[in-house]
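The primary structure of each chain is shown beneath.
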There are 2 protein chains.
Amino acid sequence: MMKNMIIASTSTVFGSGYLEYILDDLKLHFKAVKTILFIPYARPSGITHDDYTAKAKDAFSKININVEGIHTFKNPKTAIEQAEAIFVGGGNTFVLVSQLYKIKAIEVLTEVVQNGTPYLGTSAGSNICGLTMNTTNDMPIVYPPSFKTLGLVPFNINPHYLDSDVNSEHMGETRETRIKEFLCYNTQTVVGLREGSWLQVLGESITLKGPFPARIFKHDLAPYEVESGKLLEHLT
Amino acid sequence: MMKNMIIASTSTVFGSGYLEYILDDLKLHFKAVKTILFIPYARPSGITHDDYTAKAKDAFSKININVEGIHTFKNPKTAIEQAEAIFVGGGNTFVLVSQLYKIKAIEVLTEVVQNGTPYLGTSAGSNICGLTMNTTNDMPIVYPPSFKTLGLVPFNINPHYLDSDVNSEHMGETRETRIKEFLCYNTQTVVGLREGSWLQVLGESITLKGPFPARIFKHDLAPYEVESGKLLEHLT
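Okay, so let's go over this structure. (Residues numbered from 1 in each chain as written. Chains lettered and ligands numbered in written order. Predicted model: local features only at pLDDT ≥ 70, side-chain atom pairs only at ≥ 80, totals over all residues. Heavy atoms only, no water.)

### Topic: the nonpolar core
Phase 1: Core analysis: the biggest nonpolar cluster contains 110 residues, and A:I80, A:I86, B:I80 and B:I86 have the highest contact counts within it.
Phase 2: Those residues in contact with B:I80, other than ones at most four positions away along the chain, are B:L37, B:I39, B:I70, B:I86, B:A105, B:V108, B:L109 and B:V112. (Core = buried A, V, L, I, M, F, W, Y, C linked by side-chain atoms within 4.5 Å. Buried < 20%, exposed > 50% of the residue type's maximum accessible area, 1.4 Å probe, protein only. Contact = heavy atoms within 4.5 Å.)

### Re the relation of the copies chain B and chain A
Phase 1: Under the fitted operation, chain B is carried onto chain A by 0.0 Å of movement along the axis and a turn of 180°, and the coordinates agree to an RMSD of 0.0 Å. Taken together, the rotation angle and the small translation identify this as a two-fold axis.
Phase 2: In this assembly, 100% of the residues forming the interface of chain B have copies in chain A that are likewise at the interface, indicating an isologous arrangement. (Least-squares fit on C-alpha atoms with pLDDT ≥ 70 in both.)

### What to know about the pairing of strand β5 (residues 119–122) of chain A
All names here are of chain A.
Phase 1: Side chains Y119 and G121 of β5 all project onto a buried face; the interleaved residues L120 and T122 project onto the opposite face, where all are buried too.
Phase 2: In this sheet, β5 lies alongside strand β1 (residues 4–8) in parallel orientation, the contact comprising four bridges. Bridge pairing in β5 links M5 to Y119.
Phase 3: Two strands pair when backbone bridges link them, and strand β4 (residues 86–88) and β5 are joined in this way by three bridges, in the parallel orientation. In the strand pairing of β5, I86 is matched with Y119. (Helix = DSSP H or I, 4+ residues; strand = E, 2+ residues; numbered from the N terminus. Pairing = 2+ DSSP bridges.)

### Things to note about the layout of surface pockets
Residues and elements named next belong to chain A.
Phase 1: Quantified by volume, the second largest pocket comes out at close to 240 Å³.
Phase 2: Along the walls of the second largest pocket sit 14 residues, with N4, L28, H29, K31 and L202 positioned nearest its centre.
Phase 3: Where the lining of the second largest pocket is concerned, the elements lending two or more residues are β1, α1 (23–29) and β8 (198–202).
Phase 4: For the lining of the second largest pocket, the residue count by class is seven nonpolar, three polar and four charged. (1 Å grid on protein atoms, 1.4 Å probe; cavity = no way out; pocket = protein on both sides within 12 Å on 5 of 7 lines; lining within 4 Å. Points joined across faces, edges and corners; volume = space filled by probe spheres on them. Nonpolar A, V, L, I, M, F, W, Y, C, P; charged D, E, K, R; others polar.)

### Focus on the pattern of salt bridges
Phase 1: One pass over the structure, following the stated rule, counts 14 salt bridges over all chains.
Phase 2: Where A:K3 meets A:E204, a salt bridge forms, and the shortest distance between an N and an O atom there is 3.8 Å. In this pair, A:K3 sits in the segment before β1 while A:E204 sits in the loop between β8 and β9 (205–209), placing the two residues 201 residues apart along the sequence.
Phase 3: The exposure class of A:E204 is exposed, given its relative accessible area of 58%.
Phase 4: Among the ionic pairs, B:R215 bridges to B:E225, the shortest N-O distance being 2.7 Å. You can see B:R215 sitting in strand β10 (residues 214–217) and its partner B:E225 sitting in strand β11 (residues 224–226), a full ten residues away along the chain.
Phase 5: With a relative accessible area of 16%, B:R215 lands in the buried category.
Phase 6: Here the salt bridges share partners, and the residues they tie into one network are A:D163, A:E176, A:K180, A:R194, A:R215 and A:E225. (Salt bridge = Lys/Arg side-chain N within 4 Å of Asp/Glu carboxyl O.)

### Overview of unusual backbone geometry
Phase 1: Of note in this structure, A:K104 is not a glycine but carries a positive phi near 55°.
Phase 2: In this fold, A:K104 is placed in the loop between α4 (93–102) and α5 (106–114).

### Remarks on the pairing of strand β7 (residues 190–194) of chain B
All names here are of chain B.
Phase 1: Burial runs high along β7: five of the five residues are buried.
Phase 2: Of the two faces of β7, both are covered, the one formed by V190, G192 and R194 as well as the one formed by V191 and L193.
Phase 3: Sheet analysis places strand β6 (residues 156–161) next to β7, joined by four bridges and oriented parallel. Directly across from Y161, in β7, lies its bridge partner R194.
Phase 4: Handedness of the crossover joining β6 and β7 through helix α7 (residues 175–185) is recorded here as right-handed.
Phase 5: Pairing of β7 with β10, which is carried by three bridges, proceeds in the antiparallel orientation. Bridge pairing in β10 places G192 opposite R215. (Right-handed = clockwise from strand over helix to strand, strands pointing away.)

### Description of the sheet that holds β6(B)
Residue and element names in this part refer to chain B.
Phase 1: The sheet built from four strands is open, its strands ordered β6-β7-β10-β11 with mixed pairing. Two strands lie at the open edges of the sheet, namely β6 and β11, each paired on one side alone. The average angle at which neighbouring strand axes cross in this sheet is 30°, direction not considered.
Phase 2: With three bridges joining them, β10 and β11 adopt antiparallel strand pairing. (Axes fitted to C-alpha atoms, helices over the stretch in contact; angles between N-to-C directions.)

### Considering the packing of aromatic side chains
Phase 1: Applying the stated criterion across every chain, the model contains 19 aromatic pairs over all chains.
Phase 2: When the centroid spacing of 5.0 Å and the interplanar angle of 80° are considered together, the rings of B:F38 and B:Y52 count as edge-to-face. Note that B:F38 is positioned in strand β2 (residues 35–39) and B:Y52 in helix α2 (residues 49–61), a separation of 14 residues in sequence. The pair formed by B:F38 and B:Y52 is uniform in burial state, with each residue classed as buried.
Phase 3: Judged by centre distance (5.8 Å) and plane angle (65°), the ring pair of B:F60 and B:F87 falls under edge-to-face. Residue B:F60 is found in helix α2, and its partner B:F87 is found in strand β4 (residues 86–88); the two are separated by 27 residues along the sequence. For the residue pair B:F60 and B:F87, the accessibility class agrees, reading buried in each case.
Phase 4: Among the aromatic side chains, those forming a connected cluster through ring pairs are A:F94, A:Y143, A:F147, B:F94, B:Y143 and B:F147. (Phe/Tyr/Trp six-rings, centres within 6.5 Å; stacked < 30°, edge-to-face > 60°.)

### Observations concerning the side chain of A:T135
Phase 1: Examined against the element boundaries, A:T135 turns out to sit in the loop between α6 (124–127) and β6 (156–161).
Phase 2: In this structure the side chain of A:T135 is engaged in a polar contact, spanning 3.3 Å, whose partner is the side chain of A:N156.
Phase 3: With sequence-adjacent residues up to four places away left out, A:T135 is seen in contact with A:N127, A:N156, A:I157, A:N158, A:P159, A:F182, A:V190 and B:M139. (Polar contact = N/O pair within 3.5 Å; in protein donor to acceptor, adjacent residues only side chain to side chain.)

### Quick look at the sheet that holds strand β10 (residues 214–217) of chain A
Residue and element names in this part refer to chain A.
Phase 1: The mixed open sheet is built from four strands, whose spatial order is β6-β7-β10-β11. The two strands at the open ends of the sheet, each matched to only one other strand, are β6 and β11 (224–226). Each adjacent strand pair in this sheet contributes to an overall mean axis angle of 30°, direction not counted.
Phase 2: Contacts from helix α7 (residues 175–185) reach β6, β7 (190–194) and β10, with the element oriented near 170° to β6.

### What about the interface of chain B and chain A?
How big an interface is tends to be stated in terms of the accessible area lost upon association of its parts.
Phase 1: On the side of chain A, 46 residues touch chain B, which itself brings 46 residues to the contact.
Phase 2: Summed over both sides, the interface of chain B with chain A buries roughly 3800 Å², with 60% coming from carbon and sulfur.
Phase 3: The largest per-residue losses of area from chain B upon contact with chain A belong to B:M139, B:Y143 and B:Y185, which jointly make up 20% of the total buried on that side.
Phase 4: Inspection of the chain B/chain A interface yields zero salt bridges.
Phase 5: Taken together, the links from chain B to chain A amount to 21 residue pairs in polar contact (both at pLDDT 80 or more).
Phase 6: Within the residue set of the side of chain B that touches chain A, elements represented by two or more residues are α4 (93–102), β6 and α7 of chain B.
Phase 7: In terms of residues, the side of chain B that touches chain A owes the most to one element, α7(B), which gives eight residues. (Buried area = accessible area lost by both parts, 1.4 Å probe.)

Given below as structure tokens:
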């Protein structure tokens with residue numbers, strides 16, 4: 001078995017329901033799957049694990065797939081080992097990563113996905129697929145024991161990638177400035193995924209999908225765009 | 001001697017030069033001061049310590065105050081102890097806090113400011129005046145040994161506070177959502193300082209200054225606004 005992942009910038013695009021824009025692709029991605037293990041730890045807006053799981057359950061019911069929350073299992077590591085498929089939802093990456101370290105699930109999660117358990121990540125759940133969480137957009141509301149993440153792709157992810165608003169009068173850093181600052185202290189490549197884009201990972205092959213190009217930030221090059229449909233596995 | 005601080009949301013407001021909007025107030029704030037010790041560790045856009053110090057030197061030359069960069073001193077802790085006044089510039093809060101921990105300067109910096117060394121912070125340099133850096137807007141490009149900061153005011157700061165753009169089609173969290181998520185895991189109050197606002201701290205008195213109200217986020221209350229000129233020291 002080989003890696004089989006969808007790493008999506010966002011769960012929701014403007015004007016559309018939860019996972020709606022990507023549901024046809026998810027139907028293919030999870031075609032052999034009856035039940036997905038949902039990891040709701042990122043808790044967007046502090047939503048409860050139960051309520052967040054109900055939201056995922058509702059979306060997947062449209063393609064006749066069942067969803068179970070990891071928090072309902074006595075042993076979450078065993079739940080990951082035995083899962084038919086895994087979905088890690090968005091929210092706050094610091095909260096998500098802290099909880100994954102707390103239950104000591106980083107290794108087992110990496111291992112099962114390496115070995116072919118179909119995976120879906122959105123936003124924070126995509127961020128953790130990169131080498132580290134250093135390029136998250138989230139507020140550091142809790143302190144995780146490390147920023148190291150799953151390393152299932154050989155670069156970092158910046159989900160919800162946002163082009164600079166040239167009309168803005170706000171003086172805070174643009175997304176591009178932030179990622180360039182990251183590259184002052186780190187050498188790995190960053191893939192900026194715009195909302196509506198995702199990466200499809202099949203074994204060692206990584207393809208950009210969705211309607212937009214991705215913006216690539218390398219340590220030693222000016223940022224550049226890669227068109228949808230292109231392969232990204234050379235980006236280390 | 002008592003605390004004597006300016007904690008500013010930003011160094012620069014739209015359409016104006018570096019520190020220009022606040023220069024008259026800085027003249028009063030630093031009226032007895034000949035030389036300011038500048039801490040350039042936050043390095044916006046990865047600027048060198050030398051170049052960043054030159055920028056601060058240029059701004060303060062307009063009010064006839066000299067600026068020396070802490071990085072030019074053999075012993076930075078001694079430089080802090082002996083400083084007439086201190087300015088911690090903006091940039092990346094994770095980089096700033098990591099460096100302050102690395103040179104073991106957190107305690108001495110807190111102590112001298114508690115004891116009356118006049119202080120100016122902008123952006124990241126203001127963030128560190130709060131209890132923790134958990135409400136920074138910055139990207140976590142390096143991993144500091146702790147998120148605990150100086151605690152010179154009894155709450156957290158969110159600099160560059162930004163109201164939600166109701167016309168935005170971007171699905172990333174608004175600033176208000178992020179701060180509310182912080183309050184799911186933490187109990188201290190957060191003061192959202194809009195660009196152009198600052199806090200003036202004199203002893204235990206904390207006054208909101210500048211043209212805008214501040215937005216206050218308490219653990220157990222709906223967010224609310226406080227007008228400029230009001231005292232904030234009750235916000236624990």
